[in-house]
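Chain residues, written in single-letter form:
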Amino acid sequence: MKIIHTSDWHLGKRLEGKSRLPEQEQALCELERAVRETGADAVLIAGDVFDTVNPPAEAEALFYSACLSLSRHCPVIAIAGNHDNPERLSAPCGIARECGILLGGSLDYKNVKEPFGGGEGYVTLKRNGERINMVLLPYPSLSRMSQLGYLPDTQKSYAENVREWLSLCSKGFTASDCNITVSHIFMAGSKRANDEAELGTAALLPLDVLPKAHYTALGHVHKPQCVSKSGSVYYSGSPLAYSFDDRSEKFFNLLYTSPASVKVENIPVQSGRRLATVTVKNFDECMLALKEHEGEFVRILYDSPQPLSASKYAEMRGCENFVALKNIYLMPKRVATEKKMRSDAELFADFFEKTYSEKPSASMLEMFNKAMNGEAI
Ligand SMILES: [Mn+2]
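Every chain's residues receive numbers from 1 upward, in the order its sequence appears when written. Local features are withheld for residues below a pLDDT of 70 in this predicted model, meaning they are given only at 70 or higher, and side-chain atom pairs are given and counted only at 80 or more; totals for whole chains, interfaces and linings count all residues. With hydrogens and water excluded, all non-hydrogen atoms of the structure serve as input to the side-chain values.

1. Examining the overall build of the chain
Next, step 1: When helices and strands are tallied, the chain shows twelve helices and 20 strands.
Next, step 2: A globule of 377 residues ought to have a C-alpha radius of gyration of about 21 Å, yet the chain, at 28 Å, is considerably larger.
Next, step 3: Principal-axis analysis of the C-alpha atoms gives the chain an extent of 100 × 55 × 35 Å.
Next, step 4: A simple rule labels every residue: compare its accessible area, found with a 1.4 Å probe on the protein chains alone, to the largest value its type can have, and call it buried under 20%, exposed over 50%, or partly exposed in between. Taken over 377 residues, the chain has a buried fraction of 51%. Each helix corresponds to a stretch of at least 4 residues labelled H or I by DSSP, and each strand to a stretch of at least 2 residues labelled E; elements are numbered beginning at the N terminus. For this measure, only C-alpha atoms enter the radius of gyration; the expected value for a globule follows 2.2 Å times N^0.38, where N is the number of residues.

As structure tokens, this is what we get:
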């Protein structure tokens, strides 16, 4: 079968107040095109469908319409990430199942409909005589475990609980078929593209918590990468860059599965504006940079002692691609460094001269030095 793995859509996410919804819509159109052109048999969305547990209605509308158009080609499976509310994500699961969409906020897959079969924590997908078993583990924080149907053993570590839980789910794996794990976890050894805030408080987990599978489809880290030496554990990454630190290329992962192995290819994502950071020394340079980076989102680092007037700042903000201004002129720091390089007596002499318009006398300086050394004056 051909399976497309994606994650971290973060629908509804804004960049310093700027909507990313039009780009998200374009990226999902690209996904639909990729599904159509490759003749994919399923789409896996490995968590962080939405950016917040309470997403705006327009983000939900985009998700459901994207799922519906994808489901016209093949089954769709989505699990909850740390940014999603698992109950909310799976709330419309009844209607979704009628369309061949599996919304995995919880772990009960006993009553799934054709083309799926399944049990606790896993589903099987049968197409054209081939069968794939999939373990589906939504973001498994300790607080969500019992909510999702797994009672954690408090005597054991977090990693041991996740390992045990995954191994319970992997009883759906069979020796004669292709086995895939889908989850939203933070693997030790993964390279981050984005800042810490994006990743939340998810704990790092060692690779050995994962059951043996032909492929592990992960979400959470936004930089696409393979994290295992065996070449079978992948983050698909986010389809768009969501932070200025994220310079990674964006992909959907296309898997060619067989009962023996999985081959992985990248489908590049073209949509999405580039996020540019530009350092400028004055207002004219700033306006020029905004013009040069038309079509991108621009963060300005302003390196000048000359403050911008309110009207110039307003003009800058008026540019469609302007996102943020950060003043990086380090005047106070420089003064501090210069101060550090002078002796206490020199600083005192300066202060005295500024205050009394004359230099301190030799006896005055001697007195100051004695006082600084803790000697009697
Ligand atoms: Mn994410």
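2. Here's the deal with the packing of helix α11 (residues 344-356) against helix α12 (residues 362-372)
Next, step 1: Axis definition: a line fitted to C-alpha atoms, limited for helices to the stretch in contact. Angles are taken between N-to-C directions and run from 0 to 180 degrees. Contact pair α11 / α12: the axes reach a minimum separation of 10 Å and the direction vectors enclose 130 degrees. Relative to α12, the element α11 lies oblique. The two elements α11 and α12 meet at a crossing, and its hand is right-handed. Between α11 and α12, the contacting residues are D344, A345, F348 and F352 on the first element and M364, L365, F368, N369 and M372 on the second.
Next, step 2: In this classification, Asp, Glu, Lys and Arg are treated as charged, Ala, Val, Leu, Ile, Met, Phe, Trp, Tyr, Cys and Pro as nonpolar, and every other residue, Gly included, as polar. Within the contact of α11 with α12, the residues separate by chemical class into seven nonpolar, one polar and one charged. Here roughly perpendicular refers to angles of 65 to 115 degrees, roughly parallel to angles under 35, roughly antiparallel to angles over 145, and oblique to all remaining angles. Each helix crossing is assigned a hand: it is left-handed if the near helix lies turned anticlockwise from the far helix by less than a right angle, otherwise right-handed if that turn is clockwise. Throughout, a residue-residue contact means that at least one pair of heavy atoms, one from each residue, lies within 4.5 Å.

3. Quick word on the coordination of the manganese ion
The expected angle between donors at a tetrahedral four-coordinate metal is 109.5 degrees. At an octahedral six-coordinate metal it is 90 or 180 degrees.
Next, step 1: Metal-coordinating donors are taken as N, O and S atoms lying within 2.8 Å of the metal, or within 3.2 Å when the metal is Na, K or Ca; because water is left out, some sites can appear incomplete. Protein-derived coordination of the manganese ion comes from D8 (OD), H10 (NE2), D48 (OD) and H222 (NE2), at a distance range of 2.0 to 2.5 Å.
Next, step 2: Taken in sequence order, the residues that donate to the manganese ion follow the motif D-x1-H-x37-D-x173-H. Remark: D48 occurs in the loop between β4 (42-45) and α2 (57-71) and H10 occurs in the loop between β1 (2-6) and β2 (14-15); sequence separation between them is 38 residues. Taken as a pair, H10 and D48 share a single burial class, namely buried.

4. Here's the deal with the environment of P86
Next, step 1: In this fold, P86 is placed in helix α3 (residues 86-90).
Next, step 2: A relative accessible area of 6% means that P86 is categorised as buried.
Next, step 3: What P86 contacts, discounting residues up to four positions off in sequence, is A80, G105, R144 and L148.

5. Some details on the nonpolar core
Next, step 1: Here, nonpolar core means buried Ala, Val, Leu, Ile, Met, Phe, Trp, Tyr and Cys residues that are tied together by side-chain atoms lying within 4.5 Å of each other. Counting residues in each nonpolar core, the largest one holds 52 residues, and the members touching the most others are V123, M134, L136, I180 and M187.
Next, step 2: Of the residues forming this core, the biggest block, six residues, is contributed by helix α6 (residues 158-169).
Next, step 3: If we ignore the near neighbours within four places in the chain, the residues touching V123 are I77, L102, Y109, V112, F116, G117, G118, I132, N133, M134 and L136.
Next, step 4: Residues A34, V35, I45 and V269 belong to the second largest nonpolar core, which totals 34 residues.

6. Some details on the state of the cysteines
Next, step 1: A pair of sulfur atoms, both from cysteines and within 2.5 Å, is called a disulfide here. Counting across every chain of the model gives zero disulfides.
Next, step 2: Take C67: it sits in no disulfide, and the sulfur closest to it among the cysteines is that of C99, at 9.4 Å.
Next, step 3: No disulfide involves C169; its sulfur sits 17 Å from the nearest other cysteine sulfur, which is in C178.

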